[in-house]
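# A closer look at the structure
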Amino acid sequence: MLLQRGVDKRLHLVHAVSKKTTSAERHYHSSKQELMAVVWSMCRLRPYLIGIKFLVVTDCQAIVHLNTQKTLNPQVAHWATLLSEYNYDIKHRPGSKMDHIDALSRAPTSMSQDTETELLDEYMELFITMTEEDQVIAMQQTDVKLKAIMGILSQEESNRTTTEAERVKDYQLHHGMLYRKVTVDDNETRLLWVVPESMRKSIVVRFHDLAGHFAVDRTVSNIKEKYYFPRMRRYLKMHINCCPECILIKTPRGRQPVNEEPNEDSTTTEHDEEDRARNLPNTENIESKQPEVKDTQSKRVRKTPAWHSSYQM
């Protein structure tokens, strides 16, 4: 609920919004649900709020410390990034004084839709001026290597040299779009869009950073549903190794080194000094089967011979 204080020093309603949560969002923690509601409301009311300073009033105490504490949760960190363009303060108010806000949640007006997907769609609408296919075609035309391949494919097959025919044998050109014939893991042959070098980073960010930070195999499989570029697995592995969120959150596989702490039994005590001062006889030539004598005070075990000819009692 967006309120504005008028000349009469009273708050007046400007706009009110509400929405239904999805089945996944209903299982969020209450603090995360409150934060999601704040993010969604501010983005919906962006035309009113951008460029001015305003106050956010909430009955969730945890949101008050949003700007003062760091989080390792990728979703919460992404929401905080969306709010970074606003100039606002957060104030806590008890829920008993927020009945007029809770009334809207009893009768939401918007349909149930994933909040993050909805926000991304609204932001993308501001920048997309062409379809994805048109964008790939335009970027392919600016790539020198791909433009050369497209030039060869535009020729008749009889006019191509042996080297040129070998170079473009796995490529096809349809309606100005360059495709690559690729065989995936299940022996299925697909025609995939050839991604120019300038678009590789954005494709990897889209399928890894914005899709849940999956591992190499799953991300490669998702990309190969539609796109192709050479040495994809190597490029993606380098990207994941440098991803800050993957470094901070994910636990590396395999056996991890263990920090060995000094054994308390190996420390030297005054009882050890007394044992060494007794000058016990050398037992190197004694048979290996010897009784064991344990000092209950020093917790040390020492093997001593039961009888030795040079030992004088």
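Scroll up to find the structure this text is about.
### Quick word on the overall build of the protein chain
Scanning the protein chain from terminus to terminus reveals 14 helices and 10 strands. For the protein chain, buried positions account for 28% of its 313 residues. Counting only contacts in the protein chain whose residues sit at least 6 apart along the sequence, the fraction spanning at least 24 positions is 61%. Carbon and sulfur atoms provide 51% of the accessible area of the protein chain, an area that totals close to 22,700 Å².

### Points about unusual backbone geometry
In this model, H175 sits at a positive phi of 55 degrees, which is unusual for a non-glycine residue. Along the chain, H175 turns up in the loop between β5 (171-174) and β6 (177-183). Within the chain, H213 stands out as a residue other than glycine whose phi angle is a positive 55 degrees. Structurally, H213 is set in the loop between α10 (200-209) and α11 (216-223). Its relative accessible area of 10% is what places H213 among the buried residues.

### Some details on the nonpolar core
Judged by nonpolar contacts, the single largest core of 21 residues is most densely connected at M42, Y86 and Y88. Mapped by element, the contributors of at least two residues to this core are α1 (30-44), β3 (53-58), α4 (74-82) and β4 (87-92). The next biggest cluster of nonpolar side chains, apart from the first, holds 20 residues, and it includes I137, V195, L236 and C243.

### Side note on the pairing of β5
Strand direction decides the pairing type here: β5 and β6, joined by four bridges, are antiparallel. Bridge pairing in β6 links Y171 to R180. Joining the antiparallel neighbours β5 and β6 is a turn of two residues, in which H175 adopts a positive phi near 55 degrees.

### Quick look at a nonpolar patch on the surface
Residues M1, L3, L11 and L13 make up a contiguous nonpolar surface patch of about 350 Å² in total accessible area. Following the sequence through the fold, L11 ends up in strand β2 (residues 11-15).

### Describing the sheet that holds strand β7 (residues 189-194)
On the basis of which strands lie adjacent, the open sheet formed by four strands has the order β5-β6-β7-β8 and mixed pairing. In this open sheet, the two strands that pair with only one neighbour each are β5 and β8 (227-228). Judged from the five bridges that link them, β6 and β7 form a sheet pairing that is antiparallel. Residue pairing for β7: R180 is matched across the bridge by L192.

### Some words on the pairing of β7
Following β6, the chain reverses through five residues before pairing antiparallel with β7; N187 in that reversal takes a positive phi of roughly 60 degrees. As judged from the two bridges shared by β7 and β8, these two strands associate in the parallel manner. Each residue of the ladder has a partner; that of V194, found in β8, is Y228.

### Description of the pattern of salt bridges
In total, this model carries eight salt bridges according to the counting rule given. E132 is the salt-bridge partner of R206, the closest N and O atoms lying 2.8 Å from each other. Remark: E132 occurs in helix α7 (residues 132-142) and R206 occurs in helix α10; sequence separation between them is 74 residues. For R206, a relative accessible area of 39% corresponds to the partly exposed category. R190 is paired through a salt bridge with E188; the nearest N and O atoms lie 3.5 Å apart. Because the salt bridges share partners, they merge into one network encompassing E132, R206 and K226.

Conventions adopted
- Residues numbered from 1 in each chain as written.
- Predicted model: local features only at pLDDT ≥ 70, side-chain atom pairs only at ≥ 80, totals over all residues.
- Heavy atoms only, no water.
- Helix = DSSP H or I, 4+ residues; strand = E, 2+ residues; numbered from the N terminus.
- Buried < 20%, exposed > 50% of the residue type's maximum accessible area, 1.4 Å probe, protein only.
- Contact = heavy atoms within 4.5 Å.
- Areas by Shrake-Rupley, 256 points an atom, 1.4 Å probe, with all protein chains shown as cover.
- Core = buried A, V, L, I, M, F, W, Y, C linked by side-chain atoms within 4.5 Å.
- Pairing = 2+ DSSP bridges.
- Patch = residues over 30% accessible without salt bridge, like charges linked within 9 Å, V, L, I, M, F, W, Y side chains within 5 Å.
- Salt bridge = Lys/Arg side-chain N within 4 Å of Asp/Glu carboxyl O.

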